Amino acid sequence: MSRRRVVVTGLGVITPLGNAVEELWSNALAGKSGVARIDSFDTTNHRVLIGAGIKDFDPAEYMEAREARRYDPFIQIGFAAAVQAIEQAGLADSMDKDRIGVAIGSGIGGIRTISAQHEVVITRGPRRVTPFFVPSSIVNLIAGKVSIQYGFAGPNVAIVTACTTGTHNIGFGVRTIQHGEADAMVVGGAEWSTSPLTMAGFAAMKALSTRNDDPERASRPWDKGRDGFVLGDGAGVLVLESYDRAEARGANILAEVSGFGMSADAYHITSPPDDGKGAITSMKLALEDAELNPDQIQYINAHGTSTPQGDIAETKSVKAVFGHDTRVAVSSTKSMFGHLLGAAGSVEAVISILALRDQVAPPTINLDDPDDECDLDYVPHEARPMKMDAVLSNSFGFGGTNGTLIFGKV
């Protein structure tokens, strides 16, 4: 059986730059920052006081208020992003729901709920733990709720691969459709990581920026002054369909998923190898899958976390794949909304598709003094109109897990 083409017909997001796709996109093109001082919990005694939180989100717009209170925030925003994507795609009225699946994951899941219920056990006793504790915090509950809400009875999974989660769930959805196990998949990732425990944990690793007095300038990929990433909250969901199904029902096709690749560094639990070997393999496999040469990619939405080692390793990996004299445009939108962990890959996939749609590369903000070892074209400060036929999005995660997606015009 020949491999089926897979296209994107719906997008949904909840992010620090906006709670709708076009709001996120307009703010990203304007180079706005979603990073600020944290006010959702008491940061007294914390090393890091900044993060990229969600603003003005009301879960009651997507589910009953009483039901919303039973779910951790990561489920609330993941479900909301899925609703947006499903509505745009017109998938809710599908008559073949046995052929529609869901793959939406999270890197750390319901850490806020877990922390809160642990406190209940300590201070009030184990019999006071809510019966909703488990279903409100486990990672696969976004996928489960979407499936139940819409009656989608196809494959239902939640891949968890740290900061590559969103990308790997998209890739799983692509493969599932290509191999005929579903005709459509709702895919992506969600994370609500700005909790006291998570912030303390990443700060203890010295992974986070401590630019507490200048939050909007804290996330600065490729810059000499970078000192770590900024934690953020968000969700990104895509609707994927076989090209034939989408065309037959008259769906608005936004892009084609041309290629997917993944690899392991097999090196270290948190640090990439200096030469970016795993990232190189991931990008090469995606290009091979797409049957494209490196010079046929015009734009890369980089992993670009703003960490000293990671940014250099990714730069080296891009040069190894695309050539040391490459002119490919590369930007890190994490400069604007921080690192969304398990949601990063799917939100950045949405941005990559919008860049392809509108033929404009979003900027890397805060790139004032480029690192000597970071010398690619990072689209500094301002968005850039440019011709694009194919774009690439990278995600790399703790444990040395890598994923790459390529999107093309249809």
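The rules behind each value
Residues numbered from 1 in each chain as written. Predicted model: local features only at pLDDT ≥ 70, side-chain atom pairs only at ≥ 80, totals over all residues. Heavy atoms only, no water. Disulfide = S-S within 2.5 Å. Helix = DSSP H or I, 4+ residues; strand = E, 2+ residues; numbered from the N terminus. Buried < 20%, exposed > 50% of the residue type's maximum accessible area, 1.4 Å probe, protein only. Pairing = 2+ DSSP bridges. Phe/Tyr/Trp six-rings, centres within 6.5 Å; stacked < 30°, edge-to-face > 60°. Expected span 1.5 Å × (residues − 1). Contact = heavy atoms within 4.5 Å. Arc of directions from axis to C-beta. 1 Å grid on protein atoms, 1.4 Å probe; cavity = no way out; pocket = protein on both sides within 12 Å on 5 of 7 lines; lining within 4 Å. Points joined across faces, edges and corners; volume = space filled by probe spheres on them. Nonpolar A, V, L, I, M, F, W, Y, C, P; charged D, E, K, R; others polar. Axes fitted to C-alpha atoms, helices over the stretch in contact; angles between N-to-C directions. Parallel < 35°, antiparallel > 145°, perpendicular 65-115°, else oblique. Polar contact = N/O pair within 3.5 Å; in protein donor to acceptor, adjacent residues only side chain to side chain.

**Q** Please clarify how the state of the cysteines should be interpreted in this entry.
**A** Chemically, a disulfide is nothing more than a covalent bond linking the sulfur atoms of two cysteines. Overall, the coordinates contain zero disulfides when judged by the stated rule. No disulfide involves cysteine 163; its nearest neighbouring cysteine sulfur is the one of cysteine 374, lying 18 Å away.

**Q** Just to check I follow, could you spell out unusual backbone geometry for this structure?
**A** For residues that are not glycine, phi is negative in most cases, and the peptide bond is trans in most cases. If you check the backbone angles, lysine 206 has positive phi at about 60° while not being a glycine. Position of lysine 206 among the secondary structure elements: in the loop between helix H7 (196–204) and strand S7 (234–242). Judged by relative accessible area, which is 74%, lysine 206 ranks as exposed. Despite not being glycine, asparagine 366 shows a phi value in the positive range, around 70°.

**Q** I'm lost on the pairing of strand S8 (residues 255–264) in this one. Help?
**A** Taken residue by residue, a regular strand's side chains alternate between the two faces of the sheet. Across the ten residues of S8, eight count as buried, placing the element largely inside the fold. Alignment of strand S1 (residues 6–14) against S8, held across two bridges, turns out to be antiparallel. Paired with valine 7 across the two strands is glutamate 256, which belongs to S8. Alignment of S8 against strand S14 (residues 401–408), held across eight bridges, turns out to be antiparallel.

**Q** How should the packing of aromatic side chains be read in this particular structure?
**A** Given two aromatic rings, their pairing is described by the distance between the two centres and the angle made by the two planes. Scanning the model with the defined rule gives five aromatic pairs in all. On the numbers, 6.2 Å between centres and 40° between planes, the contact of phenylalanine 202 with phenylalanine 398 is tilted. Pair noted here: phenylalanine 202 is in helix H7 and phenylalanine 398 is in the loop between strand S13 (390–397) and S14, with a separation of 196 residues, a long-range link. Judged by its relative accessible area of 13%, phenylalanine 202 is buried. For phenylalanine 398, a relative accessible area of 32% translates into the label partly exposed. Geometrically, the ring pair formed by tryptophan 222 and tyrosine 378 is stacked, given 4.3 Å between the ring centres and 10° between the ring planes. With tryptophan 222 in the loop between H7 and S7 and tyrosine 378 in the loop between strand S11 (360–361) and strand S12 (384–385), this pair connects stretches of sequence that are 156 residues apart. Following the ring pairs from residue to residue traces out a cluster consisting of Phe202, Phe229 and Phe398.

**Q** I keep staring at helix H6 (residues 165–178) and nothing clicks. Help me out?
**A** The periodicity of an α-helix, 3.6 residues per turn, causes residues three or four places apart in sequence to face the same way. Helix length check: H6 (14 residues) gives 20 Å between terminal C-alpha atoms against 20 Å at 1.5 Å per residue, within 8%. Burial analysis of H6 places twelve of its 14 residues in the buried class, which makes it a mostly covered element. For H6, every residue scored as buried is listed here: Thr165, Gly166, Thr167, His168, Asn169, Ile170, Gly171, Gly173, Val174, Thr176, Ile177 and Gln178. Just downstream of H6 lies glycine 180, where phi reads positive at about 80°.

**Q** Please clarify how the environment of proline 308 should be interpreted in this entry.
**A** Relative to the helices and strands, proline 308 resides in helix H10 (residues 308–322). By relative accessible area, which is 46% here, proline 308 ends up partly exposed. When the C-alpha positions of proline 308 and aspartate 223 are compared, they lie 8.9 Å apart, and in sequence the two are 85 residues distant. Here proline 308 is in contact with Arg226 and Gly228, once residues within four sequence places are set aside.

**Q** Help me understand H7 in this model?
**A** Burial in H7 covers these residues: Thr198, Met199, Phe202 and Ala203. Buried residues in H7, looked at end-on, bunch into an arc of 130°, giving them a common side. Away from its buried face, by an angle of more than 90 degrees, H7 presents the exposed residues Leu197 and Ala204. For H7, the elements touching its buried residues are strand S3 (50–51) and helix H4 (111–124).

**Q** Which parts of the structure should I look at to understand the layout of surface pockets?
**A** Its volume calculated, the largest pocket comes out at about 590 Å³. What lines the largest pocket is a set of 35 residues, and nearest its centre among them are Thr270, Ser271, Pro272, Thr307 and Phe398. Of all the secondary-structure elements, those providing two or more residues to the lining of the largest pocket are helix H9 (277–290), H10 and S13. Counting residues per element, the lining of the largest pocket draws most heavily on H10, at seven residues. In terms of residue class, the lining of the largest pocket is built from 13 nonpolar, 17 polar and five charged.

**Q** Looking at this model, I keep getting lost on the packing of helix H1 (residues 21–29) against helix H12 (residues 344–358). Mind explaining?
**A** Helix-helix packing is described using two parameters, namely the angle between the two axes and the distance between the axes. With their axes 11 Å apart at the nearest point, H1 and H12 run at an angle of 75° to one another. Relative to H12, H1 is oriented roughly perpendicular. Two secondary-structure elements touch here, H1 through Val21, Glu22, Leu24 and Trp25 and H12 through Val347, Val350, Ile351, Leu354, Ala355, Arg357 and Asp358. Considering only residue class, the contact of H1 with H12 consists of eight nonpolar, no polar and three charged.

**Q** Would you mind showing me how to read the side chain of threonine 333 here?
**A** Locating threonine 333 in the fold gives a position in the loop between strand S10 (329–331) and helix H11 (334–337). When its relative accessible area of 0% is taken as the criterion, threonine 333 is described as buried. A polar contact of 3.3 Å, which involves the side chain of threonine 333, links it to the side chain of asparagine 301. In contact with threonine 333, other than residues within four places in its own chain, are Asn301, Glu348, Ile351, Pro362 and Pro363.

Purely spatial values, then, with no claim about function.
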